[in-house]
Every structure is written in structure tokens, then in C-alpha cells.
Amino acid sequence: MKLFRILPIVALVLLAACQKQLSPEELSPDAAYYVGTVSVISKGETFDNNNKRICFSPSEDGKTATIIFYKIKFVPAMPVTINVTIPNVSMTRVDGKIYFEADDIIPLTMGGEYPKYTVHGLEGVAADEHLEFSLKFGEYPTWFSGSRTLD
């Protein structure tokens, strides 16, 4: 009986290990890394994930960006950490700041799309070595605040 409980966890670990991550060559030369706190509200409780790494990678034309969460467990009950990519985030540069937003974006994780956690209401700003944004992954309010770090 315990074997049937362990098999799904093993499958998730293997899927996460096989997940394709963007290599540094696939990221924009303007990609920046930030370390900070990802907070998630689930079942009425706020879960803080401290010291989490986020990549903000503008496209070459400067009109969109990709946001990548590295090694994240959104809530303590998650059995493994995963990388999550939010592609096609609209962005604009104004007075040295980058403003970005997105709605109805299907995130990528574990080698494919994850429509159950479609991104809604993403809004944020990158300015003065700091990155802040908020969004909903499906029904789960999530936000990040962090400072720029070297790769």
C-alpha cells in the first residue's frame, strides 16, 4: 500500500529532474537575477519562500520578457521544488524603470504547460536593482520582492 503513495512522488521528482531549463545562451544578454521572498496565499495562510532566485529576461526587441522562478516550493505540502517559467510578459521602459504586466499566460514547468495555474493579473516593476511583482497562479495570490544579484 505504501508503494502506491510513493510512486507519484517518485514520478514528480523524475519529471522535475528532466525539466528543460533555459541555458544562459537562451536568455537575453539583459537578463538579470534577483533573490528575495516569494509569498503565496493558500487556504487562508501566507507562505513565505525566502532566498528564492528569479530571472527577469527581456526579449531582444524589448517588448516582452520571460520570468523564471528557480527551485520553488510554493507551499510546504509540495513534495518537490520546481522551476516555473512565465513567457510573453509585456514590458515597457520608462525613465530607467521597467514596468511589466501579463494576463492569461500559461506557465511552463516540468517540461510542459501547466494550465491549472494560468497566470492572471501579473503586474510589476524592475528599478534601482530591485524587482517586485504580484500575480495569481490560478486562484493563488503570489508576489515577489527581491534585490538584484550577480548570476
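This one's a predicted model, so the numbers in the text were calculated from it and none came from an experiment.

## Quick notes on a negative patch on the surface
Right, on to step 1. A cluster of acidic residues, Glu101, Asp103, Asp104 and Glu123, forms a negative patch on the protein surface.
Right, on to step 2. With respect to the secondary-structure elements, glutamate 123 resides in strand β8 (residues 119–127).

## Focus on the environment of asparagine 88
Right, on to step 1. Position of asparagine 88 among the secondary structure elements: in strand β4 (residues 82–94).
Right, on to step 2. Sequence separation between asparagine 88 and isoleucine 105 is 17 residues; the distance between their C-alpha atoms is 7.6 Å.

## So, the pairing of β4
Right, on to step 1. Bridge count for strand β3 (residues 64–72) against β4 is 6 bridges, and the pairing is antiparallel. Bridged to isoleucine 67 within β4 is isoleucine 86.
Right, on to step 2. Strand direction decides the pairing type here: β4 and strand β5 (residues 97–102), joined by 5 bridges, are antiparallel. Across the sheet, threonine 92 pairs through a bridge with tyrosine 99, a residue of β5.
Right, on to step 3. Connecting β4 to the antiparallel partner β5 that follows it, the hairpin turn spans 2 residues, and aspartate 95 within it adopts a positive phi of roughly 50 degrees.

## Remarks on the environment of isoleucine 98
Right, on to step 1. With respect to the helices and strands, isoleucine 98 occurs in strand β5.
Right, on to step 2. We classify isoleucine 98 as buried; its relative accessible area is 12%.
Right, on to step 3. In this structure, the C-alpha to C-alpha distance between isoleucine 98 and glycine 124, residues 26 residues apart in sequence, is 8.3 Å.

## Regarding the packing of aromatic side chains
Right, on to step 1. One pass over the structure, following the stated rule, counts 10 aromatic pairs.
Right, on to step 2. Taking the centre distance of 6.1 Å and the plane angle of 35 degrees together, the rings of tyrosine 117 and tyrosine 140 count as tilted. Of this pair, tyrosine 117 sits in the loop between β7 (112–113) and β8 while tyrosine 140 sits in strand β10 (residues 140–149), placing them 23 residues apart in sequence.
Right, on to step 3. Among the residues examined, tyrosine 117 registers a relative accessible area of 25% and is labelled partly exposed.

## A short note on the confidence of the model for the protein
Right, on to step 1. Mean pLDDT over the protein stands at 85; residues scoring 70 or higher make up 81%.
Right, on to step 2. Note that pLDDT drops below 50 for residues 1–25; the model gives that stretch 20 contacts with residues more than four away or on any other chain.

Basis of the calculations
Residues numbered from 1 in each chain as written. Predicted model: local features only at pLDDT ≥ 70, side-chain atom pairs only at ≥ 80, totals over all residues. Heavy atoms only, no water. Patch = residues over 30% accessible without salt bridge, like charges linked within 9 Å, V, L, I, M, F, W, Y side chains within 5 Å. Areas by Shrake-Rupley, 256 points an atom, 1.4 Å probe, with all protein chains shown as cover. Salt bridge = Lys/Arg side-chain N within 4 Å of Asp/Glu carboxyl O. Lys, Arg positive; Asp, Glu negative; His and termini not counted. Charge placed at Lys NZ, Arg CZ, Asp CG, Glu CD. Helix = DSSP H or I, 4+ residues; strand = E, 2+ residues; numbered from the N terminus. Pairing = 2+ DSSP bridges. Buried < 20%, exposed > 50% of the residue type's maximum accessible area, 1.4 Å probe, protein only. Phe/Tyr/Trp six-rings, centres within 6.5 Å; stacked < 30°, edge-to-face > 60°. pLDDT = per-residue confidence, 0-100. Contact = heavy atoms within 4.5 Å.

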